[in-house]
Amino acid sequence: MTVGYELTDTVATLTMDDGKVNVLGLAMQAALNEALDRAEADEVKALVLAGNGRVFSGGFDLEVFQSGDKEKSLQMLSGGFELAARLLSFRAPVVMAATGPAIAMGGFLLLAGDHLVGQPKTRCQAIEVAIGMTMPYAALEIMKYRLTPAAYQRANALATTFTGDAAIAAGWLDEIVEADRVVARAQEFAAEAAKTIHTRAHRDSKLKARGDVLKGIRAGIESLPTEFTLL
């Protein structure tokens with residue numbers, strides 16, 4: 001099982017763990033969507049998305065890109081950004097537990113949460129330009145929405161790595177706790193949100209606030225077949 005599911009009262013904790021770096025290939029995407037379906041069916045009032053003890057997520061599966069299978073690559077790209085959009089518009093508060101590095105699509109997924117908890121060594125990086133990949137529009141929309149203008153430009157053009165206080169100042173994280181406390185702290189925050197936040201008002205309000213970014217992500221997903229020929 002690549003995504004664990006734990007329900008405590010009205011808080012669901014989804015834990016990504018492929019035994020390695022939690023690449024967001026088609027299998028992981030399917031497992032995450034299945035877990036989100038389950039959380040919706042359980043009518044949770046808050047959601048925690050966590051990585052394993054090694055990493056939050058290392059991003060897309062590079063082996064798929066390297067295989068030369070364009071159809072599968074496009075499916076993986078669009079699926080990753082669809083997942084980010086789903087989290088950005090999820091009915092209940094989403095708390096991210098960045099147990100370790102959040103790289104490329106792993107970082108974009110991190111930014112799709114409502115509250116982002118990390119540890120001192122959580123490394124946040126959009127690595128695309130460092131590996132010869134032009135940044136997709138959908139990824140830019142997510143970063144532009146969450147990061148400060150200066151951090152957005154550095155992340156996009158320079159593949160800058162953000163950790164510690166710099167990650168908080170940039171918008172990659174909201175708080176940092178000791179490594180062994182990341183998941184527990186995310187669950188504490190989620191439990192408090194579940195008690196104090198009105199679910200419908202929460203969802204309706206964030207959909208209003210995120211309307212433009214969601215439209216931008218959708219446009220970016222639709223442009224991927226054209227973009228991908230240039231990546």
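Data block above holds the structure.
If you're wondering where the values come from, they're calculated on a predicted model, not measured in any experiment. (Residues numbered from 1 in each chain as written. Predicted model: local features only at pLDDT ≥ 70, side-chain atom pairs only at ≥ 80, totals over all residues. Heavy atoms only, no water.)

Colleague: Can you tell me about the side chain of Thr122, naming the residues and giving the values?
Modeller: Considering the arrangement of structural elements, one finds Thr122 in the loop between β6 (115–118) and β7 (124–125). Look at Thr122 and you get buried, because its relative accessible area is 0%. At a separation of 2.8 Å, a polar atom in the side chain of Thr122 contacts the main-chain carbonyl oxygen of Ala98. Among the polar contacts made by the side chain of Thr122, one reaches the main-chain amide nitrogen of Gln119 at a distance of 2.9 Å. Among residues more than four places away in sequence, those in contact with Thr122 are Ala98, Thr99, Gly100, Phe162, Thr163 and Leu173. (Helix = DSSP H or I, 4+ residues; strand = E, 2+ residues; numbered from the N terminus. Buried < 20%, exposed > 50% of the residue type's maximum accessible area, 1.4 Å probe, protein only. Polar contact = N/O pair within 3.5 Å; in protein donor to acceptor, adjacent residues only side chain to side chain. Contact = heavy atoms within 4.5 Å.)

Colleague: Before we move on, can you summarise the packing of aromatic side chains with the specific residues and values?
Modeller: A full pass over the atoms with the stated rule returns five aromatic pairs. Ring geometry for Phe60 and Phe81: centres 6.0 Å apart, planes at 75 degrees, overall edge-to-face. In this pair, Phe60 is assigned in the loop between β3 (46–50) and α2 (62–67) and Phe81 in helix α3 (residues 70–88), connecting sequence segments 21 residues apart. An angle of 35 degrees between the planes, with centres 6.4 Å apart, marks the rings of Phe65 and Phe228 as tilted. On the criterion of sequence distance, the pair formed by Phe65 in helix α2 and Phe228 in helix α10 (residues 211–228) is long-range, its members being 163 residues apart. (Phe/Tyr/Trp six-rings, centres within 6.5 Å; stacked < 30°, edge-to-face > 60°.)

Colleague: For the pattern of salt bridges, give the residues involved together with the corresponding values.
Modeller: Scanning all chains against the criterion turns up ten salt bridges. The residue Glu40 makes a salt bridge to Arg86 at a minimum N-O spacing of 3.2 Å. Taken together, the residues span a long stretch of sequence, with Glu40 in helix α1 (residues 26–41) and Arg86 in helix α3 at a distance of 46 residues. Look at Glu40 and you get partly exposed, because its relative accessible area is 33%. Across the pair Arg181 and Glu188 runs a salt bridge whose closest N-O atoms are separated by 3.0 Å. We classify Glu188 as partly exposed; its relative accessible area is 37%. Members of the salt-bridge network, linked through shared partners, are Glu175, Arg181, Arg185 and Glu188. (Salt bridge = Lys/Arg side-chain N within 4 Å of Asp/Glu carboxyl O.)

Colleague: Describe the layout of surface pockets, and please don't skip the residues or the numbers.
Modeller: Here the largest pocket defines a volume of roughly 190 Å³. Residue lining of the largest pocket: Glu6, Thr8, Asp9, Thr10, Val11, Thr13, Gln187, Ala191, Ala194 and Lys195, and that is the complete set. Within the residue set of the lining of the largest pocket, elements represented by two or more residues are β1 (3–8), β2 (11–16) and α8 (182–196). Examining the composition of the lining of the largest pocket, we find that four residues originate from one element, α8, more than from any other. (1 Å grid on protein atoms, 1.4 Å probe; cavity = no way out; pocket = protein on both sides within 12 Å on 5 of 7 lines; lining within 4 Å. Points joined across faces, edges and corners; volume = space filled by probe spheres on them.)

Colleague: Would you mind going over empty space enclosed by the protein in detail, with residue names and values included?
Modeller: Taking a probe equal in size to a water molecule and rolling it over the atoms shows the remaining empty space. Evaluation of the coordinates by the stated rule reveals one cavity of 30 Å³ or more. Here the largest cavity defines a volume of roughly 40 Å³. Around the largest cavity sit Leu14, Leu32, Leu36, Leu47, Leu49, Leu83 and Leu87, which together line it. Contributions of two or more residues to the lining of the largest cavity are made by α1, β3 and α3. Among the residues making up the lining of the largest cavity, the classes are represented as seven nonpolar, no polar and no charged. (Nonpolar A, V, L, I, M, F, W, Y, C, P; charged D, E, K, R; others polar.)

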